[in-house]
Every structure is written in structure tokens, then in C-alpha cells.
Amino acid sequence: MNNFLSVEDVSDPMILVKAAINLKKDPYADSAIGKNKVLGLIFFNPSLRTRMSTTRAALNLGMQVISMNVTQDSWQLETADGAIMDQGKAEHIKEAAAVMGSYCDMLGVRSFPTLTNREEDYSEELINAFVQYGSVPVINLESATLHPLQSFADLMTIEEHKRVEKPKIVMTWAPHIKSLPQSVANSFAQWMNAVDSDLTITCPKEVELSPDFAGKAVIEKDQDRALEGADFVYVKNWSSYNDYGRIYDDESWTVSIDKLKNTNNAKLMHCLPVRRNVVIADDAMDSPNSIIQNQAENRLFTAQQVLKTIINKL
Amino acid sequence: MNNFLSVEDVSDPMILVKAAINLKKDPYADSAIGKNKVLGLIFFNPSLRTRMSTTRAALNLGMQVISMNVTQDSWQLETADGAIMDQGKAEHIKEAAAVMGSYCDMLGVRSFPTLTNREEDYSEELINAFVQYGSVPVINLESATLHPLQSFADLMTIEEHKRVEKPKIVMTWAPHIKSLPQSVANSFAQWMNAVDSDLTITCPKEVELSPDFAGKAVIEKDQDRALEGADFVYVKNWSSYNDYGRIYDDESWTVSIDKLKNTNNAKLMHCLPVRRNVVIADDAMDSPNSIIQNQAENRLFTAQQVLKTIINKL
Amino acid sequence: MNNFLSVEDVSDPMILVKAAINLKKDPYADSAIGKNKVLGLIFFNPSLRTRMSTTRAALNLGMQVISMNVTQDSWQLETADGAIMDQGKAEHIKEAAAVMGSYCDMLGVRSFPTLTNREEDYSEELINAFVQYGSVPVINLESATLHPLQSFADLMTIEEHKRVEKPKIVMTWAPHIKSLPQSVANSFAQWMNAVDSDLTITCPKEVELSPDFAGKAVIEKDQDRALEGADFVYVKNWSSYNDYGRIYDDESWTVSIDKLKNTNNAKLMHCLPVRRNVVIADDAMDSPNSIIQNQAENRLFTAQQVLKTIINKL
């Protein structure tokens, strides 16, 4: 693994999951391999779990971390080739990425989509510019369209909690008040499709995902029918891909305990942050079947496994 | 000590003070005990001394630190139970605290009061939520009503500078242009009351502290009479507790050298930041009797003593 | 070296350059000398290269770093002596600098000029206050009028790339849309003047530098004539010193490949961030003669050399 941009950078996701489960048993076993290595974490957008878990993961390996909130700590970056930079952006990504790469041994980058220009967002120009100009391995801390660190933790959590070899996994859309990226949903589908899984995606037709990511998943428009017999229910909101960035609002999709009654005593998942009683009702959030905190906790071990894998290739 | 929320978490404050005085002589003596331990510092409000001194304290013990400015680095947190989260707050403290706790070995939390709702502020719901959901020791970096790291440093500084066994300590209110919390004053009174001390509090009747914290201190409305014979004069502004959050403005309470003339050559204290020539006049700030910088410097050693005590119980 | 405020703190710049070139070959050779040392980085203004390179430099020496964005992490600081602090500034630099110094073994300070009051800017009151009240070595991370860490890296880069003993170095002004400090230009001239160099400065008469910094450099108003035979072309915008802070705008000064045609195959330099196609055209930025990234990379090794020199004197 040279970069960690998507599941496509992972030769065998299940081997990586098993390595992370193993690492979790003794997180300090490799505390010397990061000596004299520095991870740069570059944030174009806010972050809580990703920031803290990736930082802790690096520290557990003996690395040090330099975090930059780009728009607070420095200034706006231009990404357009050939731009006449006489507006608000003070530096081109070509220079900034090269410079950051020269001070760090690897770079993590978080950058949300605009949700106004689909072609631009799906071209992933910003994180690709870090790969092109940064000259060090790049880790996706959630890009315009994908969130592979989250999906890796999701897969690990399913592996830890599954009661049958090939559980029925249902990812259900749920309502939200803001226009959110498709990245978590795209990425979860992409990882599930990359392993031998039984994935159903249920959502209103207005918010269908790009087929590039939905892939071979079963698409079921009826939420109740989709949830029947589910072993894992992954709840997530995302805005429209087709009517790009549009908020679709249907409160009947909020996931509550009642909604889960015909599942196979399903474990409840969400990547967080979650708006309680909008996306998921309190009764489901606080039920013993919620493994949402386990997902969050596994962010640490999966990030650490990614960093470890990259260090071993440096 | 499992948490450090107030003096009530300390079995014997004077033993802790003596331990900190001892630690100050050789701050690197315990530089191995924090290995593989990470302190999370969670800021809902600005901080200079607390941020830097607590970070340095952790580093001196071999710990690492992850700092989060909640509203800049991530997003607003909801604290109300059962809230329908369809407004500005993207995550509930229940999830956030649990997640932060899972990435850190202990959490420090700074969160100022609203000063608009006394019942809410004095319930200390935010820091208590970290205790309830965080599952790791919690350190108060100044909460709505208390600032125990400051008071511990204040007590240590008095111990270092006292010339008689039981000095007369006077905490005097002073004017300010903004509505400030009662936390430093509450906490200082609480710590002084927890040890064998001679404490007088002087302030206009409009800004009397809660009797829960003032406790057995002598209350004297006449500033000049209060200051007579004082060995230590602790200056601090706070807003009204009774007419909650109201600014009381009386420039005649500003502390100057002239005000201190009938003290017993008193040492001058303040927690900082201080507005010169509003709270304390330049002549007093710059007098050789000021031990304000000593207080600030002791923030490092008292924070380190708190972290050390908690690590030893982990 | 007690402080690193300008080239005047350096006894022999060329010896320091050679030490940095040597350090670059093995950046981890001194990874133990910073043990138990903490560098405080205090930012009154944004920073990318300086922040990251100085942090990495400290880590390479085994130091730890505490960064503060003053106006985000804490509050505004008053610098005026005798001020009645009843306005927006909550703490005086006298207290803040002393406190920061008591928690750190050295302090780096970044603070841009106002560009509205020349006398005030050129008095360098803020960084001087850190020297006066901080009681630890102070490193200039770019002050109102100077940027010695940049100039040190510039000199190192010239030393690495020069093809003749005493190359012709031309610093040319170039246009910009904003009012920028004179600090990089002042400082570059000051360092070049401190060593045996052949420096020409070319700029419109409206933006001539202070003679205190231009010193013995050749001043040539005709950009084409100045560039003839140049071995190094250092491009930089700055606002007017005489009509203080005024933007001077003349697009004919933008540096492109065509502009460089009569140079001696000159290496192109800029401190970054650079606005492409305003200050320097893409064709020059992307030409093989650009050593701009080398300059940026050398910021790490020169910062490390400065920290190392200061540690060795502690």
C-alpha cells in the first residue's frame, strides 16, 4: 500500500481487517516503528473522530503528528491549473502539497465536497493533487466522495460482531436537515463489494447512489422489506447524487426500535456524528444492539493498521 | 483520585500541595510514567495558561497530548437529553464524550458558563456528561462554576510565600468591563475552606458569592477594613450570582498600591488574564510584592501533580 | 546565539549555513539533545511553511512543541505601556510573554505588521516584548519587518546551487493584489549584506526598501537591465515603505521565462506562498531552473540548525 485513498489501494481487505483485530489486542507492540516519522494531518474541514483516532494511532506507533487546519492556520489554496491567482486564494496546491510533503513522511487529507458541482467533486482533484505533488504516501481522511478509514473500521466491527458467516447487511438512508456528502455511503458500499458480502441498500429513489459505488448491492426502495432479516443495519444520510447535493427529507425513514422489529435482532451501526431523533431515534441509539461506539473505537485500530502498513513500505 | 473536578476529589489538599512543591524541584523525575498515555484536552472556550501548562505537565511525564478546539476543529455538541437534533448542533455529548474517551487515557475539559441561566450553569452538565459518558478520568480545566487547577496553584503559591503559619488571606472583588464567571472565586474559596485557613472575602453586596462556596469565610463589605493586616490579597472580578451574570461596576474597588497600604506588606495575587488599570493598577501589578507570575508558573507543577496522581491510579 | 531575531544575532552566517548543509545529510544525528525541552510556537498570524518546518525541526531534535494561535486559542494581547485595558484586549503582553516563557524553553513568535503605522511596525514592539518579558530565547517566525528563518534558508539554497564563487543575485519586486510586508525583502537584503555577496535590488521607485536594510546592494530601477547576467533571481512583492503600506501595481514586472532570457541561466527563487500568474508566470514557476521547492525544503534544516544552536547555549 503506497497510498490509502480507497479500498482499491488494499490488496486484500479481509487480511487487513484481521491484522487490525490482532493489533487491537496489543496496540503498543509496534511503538518503535514510527521513530523519526512524522504524519501531517491536513484539514480543509472539521473532524473529531478522524482527527483524534488517527493522531492516537500515530502516537501508538511512535510517530509524531503535525496537524494543520488549512483555512485557520494558513490560507486558502488554489487547485485550478493555469489560474491567474488574483482572487482570494494565496497559494497553489502544487506548491503547498509539495512543501507539506517535504516536511512530513506521510500526509492525511480531509476535504469535503462542495455538493454543488458533481463532476468537480467526483474528480477528487484536491486529494489527487496531494498524491501528485506531495511525493509522500497520502491517506484519505474523508475526501469529496469516499471515507475509507471509516469503511475499514465498519468492516472490522462487522467481523467482530457477526454471528453467521455471511450476515445480511442493510445500509439504510435516513433523513437529515443538511445536505451531506455521499462519501460514507459510497465507501461502505465499495468496501462491502470488495469482499464476499450480502449487502442491501435501501433509500428513496431521489437519493440513489452512483452505480459505480453501489455496484452489485441489492437495491430495495421499501425500507421495511429491506430490513427484514437483517443482521446489521447501517444507518446514514446522504444528499442526492442525481439531483446533485439536494436534501431529500422524509421523516418516515428515521430509524427507531420499531423499524428494527423484523430484523434478525440486528446490530445497529452509524459512522457518527449522528443527529438523535432525526436520523436515529433515542430508543435505537441507546439499545443494547447499538455497536456505534464499537465502530468509533475501531477507528483507532484501523487507522493504526493503515499507518503501520504504510510505514512498513517506506 | 479518579477525576479532578473540584477539591472534593482531593483527599488531603495540603498533602497534594507538598507533593507539587517537591515535584517542582525535579520536574523530569517521572518522565517515564506517562509512556503510551495520551491526555485529550477539549476546549469549548479559549485558554492560554491552562492549555500550555497542562500540555507541558503531560509532556514532563512522558505523556502525549491531543488538543481539540471543539467549535473550530469539529462542531457544536448537544447536551439536552431527548433533544430532537434538527438545529445547529451536529453531535450529542453522549456520543462525543464516549468517543473522545475511547481515544484518550484521560480527558481535560474547559467549558465556561453561559452566565444567563444559573441553574443550568451550576448543574455543570457538560463536564458531568464527560464523567458519565467518557469512561476515563476527567480533569476540570475550568468549568461553569469551578477552576480547581487554578486554586491548587494558588494554594501552592501561598504555601511557598507565607511568613506565618496561618496567614490572613483576603480575596477582594475588583471591577471589570465584561460579565465574568464566578468559577475562580468559587474555587479559591472552596479550596481555602477545605484547609485550615483564615479567609476573608470582600465584595459589594451585589456580587456576593453563593454561600455553598463562600462557606465559612469572613464576609466583609468594606474593602479597606477587609484588607487591614492581610498577608495575601487575591484580586478577582466576578459577575453577580444573585442577579445572575450581571456586571457590577464600581471603579473604587480597583486595587492599587494605595489600597494595600494597611495590609501586612501583603503579597498580591491574581489568576490572570488581568486587565491592567481596570482590575489592578500598574503600580500594584509591577510592585515587588506581586506573586502573580509565581502563581502562573505553579500552574505547571500543580497540573503535573494532578496528572501524576491520576496516572498512578490508572 | 541567545535569540534569533535577525542576522545580527548570528556571529558568522556562512558558518551557520555550512552547519545546516551538514545537518541536512543526517537530520536525526542530534535527536537526543532536545530531551525535556519544549518549543512554544506563538502565532498572531497564519503560517504554513514556518509552522510545519519549525515543528518538524524541533521533533528531529527530540524536542516537543506547543503551538498557540493567539487570537483563536486564547485572546487579544495589549502591548501599550500604561494602557487602561477597558477595550477588546484581555491580557497584557507583559503577563502573557512571561507566562508563556515559564512553560517553554524557547519561544517562536510570528506577528505581521499592521502596514498602517510604519514607526510602530519598525519598532518591532511585539517580538521585543517577548524578548523583554519572556525570559527564554526568542525565535523570529516572521515579525513586522524581518523573516530571518526564510533568509537563512535562502542563503543555504544559494550556497547549494551556486556555480561561481560570487554569483550575481538579483532580488526583483513583482506585483501583487494585496498590501504585503517588506519583511522577506528586508531580511534577504540584510543577510546578503552580512556576507560577501553581489546583490542587486530592482523595483519601481514607489516601493524602494528602507536604506537600513537595502544597505550596500546595487539599486537598479530597470528590471531588464538588473536581470542581465543574473545567476539567481529572487522574486518577491512588497508594499511601499515610503508611502507606507501602499500597494503598487504594475503587471509589467511579473516574472516569466521571457523576462529571464538575458540572465546567466538564472535559478529562480521565491519564499512562497506565491500567486501564480500574478507574481510569477506558470512557465517560470514550472521551469527546471526553479529552486523554489528547494528553498522551502531547506526551511526545515535551517530551523533545525537554529534550534540546535540555541539548545547548545541553554
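Refer to the structure presented above.
For the structure given in this document, a descriptive report is provided here. As the structure is a computational prediction, the values presented were derived from the model and not from experiment.

About the thresholds
Residues numbered from 1 in each chain as written. Chains lettered and ligands numbered in written order. Predicted model: local features only at pLDDT ≥ 70, side-chain atom pairs only at ≥ 80, totals over all residues. Heavy atoms only, no water. Helix = DSSP H or I, 4+ residues; strand = E, 2+ residues; numbered from the N terminus. Rg over C-alpha atoms; globule rule 2.2 N^0.38 Å. Buried < 20%, exposed > 50% of the residue type's maximum accessible area, 1.4 Å probe, protein only. Contact = heavy atoms within 4.5 Å. Areas by Shrake-Rupley, 256 points an atom, 1.4 Å probe, with all protein chains shown as cover. Lys, Arg positive; Asp, Glu negative; His and termini not counted. Charge placed at Lys NZ, Arg CZ, Asp CG, Glu CD. Pairing = 2+ DSSP bridges. Right-handed = clockwise from strand over helix to strand, strands pointing away. Axes fitted to C-alpha atoms, helices over the stretch in contact; angles between N-to-C directions. Buried area = accessible area lost by both parts, 1.4 Å probe. Salt bridge = Lys/Arg side-chain N within 4 Å of Asp/Glu carboxyl O. Polar contact = N/O pair within 3.5 Å; in protein donor to acceptor, adjacent residues only side chain to side chain. Nonpolar A, V, L, I, M, F, W, Y, C, P; charged D, E, K, R; others polar. Least-squares fit on C-alpha atoms with pLDDT ≥ 70 in both. Expected span 1.5 Å × (residues − 1).

Across its full length, chain A holds 12 helices and 11 strands. Relative to the compact-globule value of 20 Å for 314 residues, chain A shows a C-alpha radius of gyration of 19 Å, a close match. Its C-alpha atoms give chain A principal-axis dimensions of about 55 × 50 × 30 Å. The buried share of chain A, taken over its 314 residues, is 66%. A separation threshold of at least 6 residues defines the contact pool for chain A, and within that pool the share at least 24 residues apart is 78%. Carbon and sulfur atoms make up 45% of the accessible area of chain A, which totals about 11,000 Å². Averaging the locations of the 31 positively and 41 negatively charged side chains of chain A gives two centres separated by 5 Å.

Moving on, we come to the pairing of strand β2 (residues 64-69) of chain B. In the case of a regular strand, side chains alternate between the two sheet surfaces. Residues and elements named next belong to chain B. The buried count for β2 comes to 5 of 6 residues, which makes it a mostly enclosed element. Where strand β1 (residues 38-43) meets β2, 6 bridges bridge the pair, whose relative direction is parallel. Paired with Leu-41 across the bridge in β2 is Ser-67. Crossover handedness for the path β1 to helix α2 (residues 49-60) to β2: right-handed.

Either a parallel or an antiparallel arrangement is found when strands of a sheet pair, and the pairing is made through backbone hydrogen bonds. Residue and element names in this part refer to chain C. The strand order across the open sheet formed by 4 strands is β2-β1-β5-β6, and the pairing between neighbours is parallel. Unpaired on one side and paired on the other, β2 (64-69) and β6 (138-140) mark the two borders of the sheet. Looking at each pair of strands side by side, their axes are set apart by 20° on average, direction ignored. With 5 bridges connecting them, strand β1 (residues 38-43) and strand β5 (residues 106-110) associate as parallel partners. When the bridges of β5 are listed, Phe-43 appears paired with Arg-110.

Taken together, the 31 residues of chain A in the interface contact 32 residues of chain B. Buried area between chain A and chain B, both sides added, is near 2,800 Å², and the carbon and sulfur share of it is 58%. On the chain A side of the contact with chain B, A:Leu48, A:Met52 and A:Arg276 bury the most area, a combined 24% of that side's loss. Summed over the shared surface of chain A and chain B, the number is 4 salt bridges. Note that B:Glu91 and A:Arg49 form a salt bridge whose closest N and O atoms lie 2.8 Å from each other. On inspection of chain A and its partner chain B, the count reaches 17 residue pairs in polar contact (both at pLDDT 80 or more). The element best represented in the side of chain A that touches chain B is helix α2 (residues 49-60) of chain A, accounting for 7 residues. A per-class count over the side of chain A that touches chain B returns 13 nonpolar, 9 polar and 9 charged.

With that settled, consider the relation of the copies chain C and chain A. Rotating chain C by 120° and translating it 0.0 Å along the rotation axis places it on chain A, where the RMSD comes to 0.0 Å. What the superposition gives is, in effect, a three-fold axis relating one chain to the other. Proximity to the rotation axis, assessed at the C-alpha, singles out C:Gln72 in chain C; its C-alpha lies 5.0 Å from the axis. Both copies present different contact surfaces, since only 6% of the interface residues of chain C are interface residues in chain A too.

Residue and element names in this part refer to chain B. Judged by pairing direction, the sheet is parallel, and its 5 strands sit side by side in the order β9-β8-β7-β10-β11 without closing on themselves. With partners counted over all chains shown, the strands left at the sheet margins are β9 (218-220) and β11 (267-269), one partner each. Along the sheet, successive strands turn relative to each other by an average axial angle of 20°, direction set aside. Summarising the sheet, strand β7 (residues 168-173) and strand β8 (residues 198-202) pair through 5 bridges and their orientation is parallel. Looking at β8, one finds that Thr-172 is bridged to Thr-202. Sitting on the sheet, helix α8 (residues 183-194) is in contact with β7, β8 and β10 (232-236), with an inclination near 165° to β7.

Our next topic: the interface of chain C and chain A. Taken residue by residue, the interface counts 31 residues in chain C and 32 residues in chain A. Between chain C and chain A lies a buried interface of about 2,800 Å² when both sides are counted; carbon and sulfur atoms form 58% of it. Our count for the contact surface shared by chain C and chain A stands at 4 salt bridges. The tally of links between chain C and chain A comes to 17 residue pairs in polar contact (both at pLDDT 80 or more).

Okay, the pattern of salt bridges next. Between side chains of opposite charge, pairing is possible as soon as their charged atoms come close. The full count for this structure, using the stated rule, is 57 salt bridges over all chains. Residue C:Arg110 pairs with C:Glu142 through a salt bridge whose shortest N-O separation is 3.4 Å. Here the residue C:Arg110 occupies a position in strand β5, and C:Glu142 occupies one in the loop between β6 and α7 (148-161), the gap between them amounting to 32 residues. For C:Glu142, a relative accessible area of 9% gives the class buried. Each of A:Glu95, C:Arg276, C:Asp282 and C:Asp286 takes part in salt bridges that share partners, so that together they form one network.

Attention now moves to α8(B). All names here are of chain B. Between its terminal C-alpha atoms α8 stretches 16 Å, which fits the 16 Å expected from 12 residues at 1.5 Å a residue. Counting buried residues in α8 gives 11 out of 12 residues, a clear majority hidden from the surface. Within α8, the full set of buried residues consists of Ser-183, Val-184, Ala-185, Asn-186, Ser-187, Phe-188, Ala-189, Gln-190, Trp-191, Met-192 and Asn-193.

Function cannot be inferred from these measures alone, as they are strictly geometric.
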